[in-house]
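Chain by chain, the residues run as shown.
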Amino acid sequence: MNEQNAPATYQLPPQMSTVAAEVDWLYYFIYWLSVVLFVAIVGAMIYWAIKYRERPGHKAEPTGHNLPLELAWTIAPIFILVFLFHKGFQGYLDMTIAPPNAIEIRVNAKQWSWEFVYPNGGSSDKLHVPVHKPVKLVMASADVLHSFFVPALRIKRDVVPGMYTTVWFEATQTGKDDIACAEYCGGRSEGPGGELPYEPTNDPDNPYVSGQMTGHWAMHSRVYVELQEDFDKFVKSIGDKCDAYRSEGKICPGEVAAAEGQKLSVSKGCVACHTTTGMRLVGPSWKDIWGKEESTDKGDVLVDENYIRESILAPQAKIVTGFQAVMPTFSGQISDPEIDELIAYIKSLK
Ligand code: CUA
């Protein structure tokens, strides 16, 4: 059922997402605009350089000042730039604000691998997504700056330590594409004889054993765009693995356990001020707080990963209307994985 979207061109990979056509249109518009202006400007320069060159019997004459001409070439580019800004900003907003029904997949980046955690807690080093469904990626880095890049989907977004970044897309055809890190995030180490730190495999979908590779270059994965039933099958298979872990009383690798967050809310003392029943204590109750628009002293904020993280590390930054700024900071007393667990717990209270 491969629909024929625009195939790869000399310059660009095939279009596999809803935003791809618009991104490419803007790319080619800027490209051809640059070609036309380059030819016109350089052409005029060469023509006049030859025409007015100094030669016997001909003296170079300055042309002086031409006000209408100077106004024209100052004002005309303004219209072009405003148009480009408008198109770019519109596209940026479209790509930033995910539809509310998007499937949420967590992306954990670290030197030098990608991990994808699905809604049922199962995780994989490959990204599987259903076709024709919006998918939202919530991304975090365990160490340094990375950048999540899928050429055929036309998405690229930095993954930054100490905060959550998101990106969303809707794939328009089944197939696969590469996932690359687009931010230099560390060098590779070579073997004692200078040999490359990876070993080729026979698997065409995974030509190298990623565990044996190091460096930015090794931070490579695949996205598989599948029919819904194949996606469901995949998610169930990794979920079953989780169930096996859970039956042994362990948590699934990659899973952020709401249960661990609940334990933390007691051991860190959160429960002294925040209830989970809707009852008001010193701070807002956590019941149904996830995804809510809260009014604060700095304006309305959406209660999402970044707001909860900020509220834990810098509680004075945005105070919910009607509450006092009394919470102490937990900066230095709580780790990033622990913040993830608290967020998972607060999410579960919805
Ligand atoms: Cu991660 Cu480059």
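Caption draft 1: Highlighting the pairing of strand β10 (residues 220–226). Taken across its 7 residues, β10 has 6 buried, putting it largely inside the fold. The pairing of strand β4 (residues 127–130) with β10 spans 4 bridges and is classified as parallel. By the bridge assignment for β10, Pro 130 is matched with Glu 226. Sheet analysis places strand β9 (residues 175–181) next to β10, joined by 6 bridges and oriented antiparallel. The partner of Lys 176 across the bridge, within β10, is Tyr 224.

Caption draft 2: Structural detail: the pattern of salt bridges. Taken as a whole and assessed by the stated rule, the structure comprises 14 salt bridges. Between Lys 236 and Asp 240 there is a salt bridge whose closest N-O contact spans 2.9 Å. One end of the pair is Lys 236 and the other is Asp 240, both in helix α3 (residues 228–247) and 4 residues apart, which spans about a single turn. Given the relative accessible area of 52%, Lys 236 is considered exposed. Several salt bridges share partner residues, and in doing so they unite Glu 104, Glu 305 and Lys 347 into one network.

Caption draft 3: Seen up close, the domain arrangement of the protein. The assigned domain composition of the protein is domain 1 (103–247) and domain 2 (258–348). Taken together, the contact pairs 6 residues of domain 1 with 8 residues of domain 2. The largest per-residue losses of area from domain 1 upon contact with domain 2 belong to Glu 104, Gly 162 and Tyr 164, which jointly make up 74% of the total buried on that side. Our enumeration of links across domain 1 and domain 2 arrives at 2 salt bridges. Notably, a salt bridge pairs Arg 106 with Asp 340, separated by 3.0 Å at the nearest N-O pair.

Caption draft 4: Just the packing of aromatic side chains, in detail. Applying the stated criterion across every chain, the model contains 14 aromatic pairs. Seen from their ring centres, Trp 286 and Tyr 345 are 6.2 Å apart, and the 80° between their planes marks the pair as edge-to-face. Remark: Tyr 345 occurs in helix α6 (residues 336–348) and Trp 286 occurs in the loop between α4 (258–267) and β11 (293–296); sequence separation between them is 59 residues. For the pair Trp 286 and Tyr 345, a shared accessibility class is recorded, and that class is buried. Taken together through their ring pairs, the aromatic side chains of Tyr 27, Tyr 28, Tyr 31 and Trp 32 make up a single cluster. Over the ring of Phe 149 we find Lys 156; its NZ or CZ atom is 4.7 Å from the centre of that ring. A cation over a ring is seen here: Arg 280 above Phe 323, with NZ or CZ 4.0 Å from the ring centre.

Caption draft 5: Highlighting the environment of Gln 90. Tracing the backbone through its elements, the reader meets Gln 90 in helix α2 (residues 67–96). On the basis of relative accessible area, Gln 90 is assigned to the partly exposed category, the value being 33%. For Gln 90 and Met 327, which are 237 residues apart along the polypeptide, the C-alpha to C-alpha distance reads 39 Å.

Caption draft 6: Structural view of the side chain of Ser 141. By secondary structure assignment, the location of Ser 141 is in strand β5 (residues 134–141). Accessibility expressed as a relative area gives 7% for Ser 141, which makes it buried. There is a polar contact of 3.2 Å between the side chain of Ser 141 and the backbone nitrogen of Asp 143. Among the polar contacts listed, one links the side chain of Ser 141 to the backbone oxygen of Val 144, at a separation of 2.6 Å.

Caption draft 7: Geometry of the pairing of strand β12 (residues 299–302). Examined bridge by bridge, β11 and β12 share 4 bridges and lie antiparallel to one another. Bridging across to β12, Glu 293 finds its partner in Leu 302. Here β11 hands over to β12 after 2 residues, the two strands then running antiparallel side by side.

Caption draft 8: Region of interest: the packing of α4 against α6. Where α4 meets α6, the closest approach of the two axes is 7 Å, and the angle between their N-to-C directions is 105°. Put simply, α4 runs roughly perpendicular to α6. Contact residues: α4 offers Ala 258, Glu 260, Gly 261, Gln 262, Leu 264 and Ser 265, while α6 offers Glu 338, Glu 341, Leu 342, Ala 344, Tyr 345 and Ser 348.

Caption draft 9: Just unusual backbone geometry, in detail. Residue Gln 111 is joined to Trp 112 through a cis peptide bond whose omega torsion reads 0°. Mapping Trp 112 onto the fold places it in the loop between β1 (103–110) and β2 (113–117). With phi around 60°, Asp 288 is a residue other than glycine that occupies positive phi space. With respect to the secondary-structure elements, Asp 288 resides in the loop between α4 and β11.

About the cut-offs
Residues numbered from 1 in each chain as written. Predicted model: local features only at pLDDT ≥ 70, side-chain atom pairs only at ≥ 80, totals over all residues. Heavy atoms only, no water. Buried < 20%, exposed > 50% of the residue type's maximum accessible area, 1.4 Å probe, protein only. Helix = DSSP H or I, 4+ residues; strand = E, 2+ residues; numbered from the N terminus. Pairing = 2+ DSSP bridges. Salt bridge = Lys/Arg side-chain N within 4 Å of Asp/Glu carboxyl O. Domains from an automatic or database assignment. Contact = heavy atoms within 4.5 Å. Buried area = accessible area lost by both parts, 1.4 Å probe. Phe/Tyr/Trp six-rings, centres within 6.5 Å; stacked < 30°, edge-to-face > 60°. Lys NZ or Arg CZ within 6 Å of the ring centre and 35° of its normal. Polar contact = N/O pair within 3.5 Å; in protein donor to acceptor, adjacent residues only side chain to side chain. Axes fitted to C-alpha atoms, helices over the stretch in contact; angles between N-to-C directions. Parallel < 35°, antiparallel > 145°, perpendicular 65-115°, else oblique.

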